[in-house]
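Observations on the model geometry
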Amino acid sequence: MNKRIVCICMSVLLCLTVICMDTGTDVHAGYYEDNDKYIKQRVADRMKEMSWEEKIAQMILVKAPAKNAANIQKQYQFGGYVLFGEDFENSTPEKLRNRIYGIQKASKIPMLIAVDEEGGAVVRASRYRQFRSTPYASPRTVFSAGGWNGIVKDTKDKAKFLKKLGINTNLAPVADVAYDSSNFIYNRSFSTNAADTSRYINLVVNNMKQEDMISSLKHFPGYGNNGDTHTNLIHDYRSYSSFKNRDLKPFQAGIRSGCDMIMVSHNIVHCFDSKNPASISPKINKYIRNTMGFKGVIVTDSLSMAGVRSFTGSEGESAVRAVQAGDDLLCTEHYKETYQALLRAYKTKRISKKRINASVKRILMMKYRRGMNGRFAVRHR
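This one's a predicted model, so the numbers in the text were calculated from it and none came from an experiment.

The secondary structure content of the protein chain amounts to 15 helices and ten strands. Within the protein chain, the fraction of its 381 residues that count as buried is 55%. Within the protein chain, contacts between residues at least 6 apart in sequence are counted, and of these 72% link residues at least 24 apart. When the accessible surface of the protein chain is summed, it comes to about 17400 Å², and 52% of that surface belongs to carbon and sulfur atoms.

Quick look at the structure:
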């Protein structure tokens, strides 16, 4: 009787295997995709095949070149491209999908195709009617009209909208807690209340994960009532207690919810590090890792911004300093300068192999966890 049962089970398993071979499906795919041990092994195997030039390129998130983006990617193998308004303005959904497909086809490892689609003041795709009839509203407006259910619905809709275009990364949500309506970050923030913002971050991160959309909390450790680092070098003299009791809470909520990335600002926050902008601060990086317990990808705000470039003297030097500090992914407009600076730093041992490998591992782990483990940018359902 036992032998008969064993034979039946083996027959069933054989049939399943044949069916899966016919359909190109891995019997264990569903299990393995959610199994970190398996993913870590996949990442380790992939990293053994990568050159040091490819590893360095994987750490760079480039403003998408207007021309020859696929050929440039074929040459460098960057970790990702960021799309801005001009990439949507004179395009259509079909043209954009084809463009992204061509870019991904040129990639040995699927790229992050990223965008700032926060809603409200910052919308790159939905502002153009050929992509969406109305732009996505600000989180404040969404909540005012539909409460927390409205936030969930908006998050899911936004993720589905972006994924249909081939975009797999939204550089959102904004975790900054503004102090009042006069602050630079106010129109982009959810609330002046840290507890409400924390709940908002929790909902958004969890629902982005459900849609396999990569999230990025920004801008650590929180703009608060400070000015704009796009155009100025900003010094922040707030006390540590004000950060702990207010600004850091939404970031901690996002970490607990399993956010993929944390974007660091260029503010010089004196209670953490009085000598360096946050984006190139080893002290800030260690705080995120050791005190807050974040194990994901730390990404810089754009290194083209005056807030950090005026401090280091060049975009390339900012990139080197950011990697030395422990950051993983570098946002840049000038890919040649950034890439060459990192390559020189590697060859002259300003940046170690260990430092590079640690970041590349985190980037690939993030990509694989979000389904970016094959020839396509996202897992299709």
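With respect to the helices, strands and loops of the structure, P139 is situated in helix α8 (residues 139–164). On the accessibility criterion, P139 (6% relative accessible area) is buried. Residues P139 and N187, 48 residues apart in the sequence, show an inter-C-alpha distance of 9.4 Å. Excluding anything up to four places from it in sequence, P139 contacts E118, G119, I151, F190 and Y200.

So, about the pattern of salt bridges. The final tally for this structure, using the stated rule, is 20 salt bridges. Between E49 and R46 there is a salt bridge, and its shortest N-O distance comes to 3.1 Å. Note that E49 and R46 are positioned in helix α3 (residues 36–49) at a spacing of three residues, about one turn of the helix. The buried category is assigned to R46, whose relative accessible area is 15%.

Quick look at the confidence of the model for the protein chain now. Model confidence for the protein chain is summarised by a mean pLDDT of 90, while 89% of its residues fall at 70 or above. Low confidence marks residues 1–33, where pLDDT is under 50. Its contacts with residues over four positions away, or in another chain, come to ten contacts. Under a pLDDT of 50 for its full length, residues 375–381 has, in the predicted model, 22 contacts with residues more than four places off or in other chains.

If you walk across this open sheet you meet the five strands as β4-β3-β2-β1-β10, and the pairing is parallel. The open sheet has two edge strands with one neighbour each: β4 (169–170) and β10 (330–332). Packed onto the sheet, helix α14 (residues 335–347) meets β1 (60–63) and β10 and runs at close to 160 degrees relative to β1.

Take unusual backbone geometry next. Cis peptide bonds are those with omega within 30 degrees of zero, and the linkage from K218 to H219 qualifies with 5 degrees. Structurally, H219 can be placed in strand β5 (residues 216–220). Geometrically, the link from F220 to P221 is a cis peptide bond, its omega value of 0 degrees lying close to zero. One can find P221 in the loop between β5 and β6 (235–236). For Q77, which is not glycine, the phi dihedral falls at a positive 65 degrees.

Covered by surrounding structure in strand β2 (residues 80–83) are G80 and V82 together with Y81 and L83, the residues of both alternating faces. Inspection of the sheet shows β1 paired to β2 by three bridges, in the parallel sense. For V62, the partnering residue across the bridge sits in β2 and is Y81. Handedness of the β-α-β unit built from β1, helix α5 (residues 69–76) and β2 comes out right-handed. Pairing of β2 with strand β3 (residues 112–115), which is carried by four bridges, proceeds in the parallel orientation. When the bridges of β3 are listed, L83 appears paired with V115.

Rules used in this analysis
Residues numbered from 1 in each chain as written. Predicted model: local features only at pLDDT ≥ 70, side-chain atom pairs only at ≥ 80, totals over all residues. Heavy atoms only, no water. Helix = DSSP H or I, 4+ residues; strand = E, 2+ residues; numbered from the N terminus. Buried < 20%, exposed > 50% of the residue type's maximum accessible area, 1.4 Å probe, protein only. Contact = heavy atoms within 4.5 Å. Areas by Shrake-Rupley, 256 points an atom, 1.4 Å probe, with all protein chains shown as cover. Salt bridge = Lys/Arg side-chain N within 4 Å of Asp/Glu carboxyl O. pLDDT = per-residue confidence, 0-100. Pairing = 2+ DSSP bridges. Axes fitted to C-alpha atoms, helices over the stretch in contact; angles between N-to-C directions. Right-handed = clockwise from strand over helix to strand, strands pointing away.

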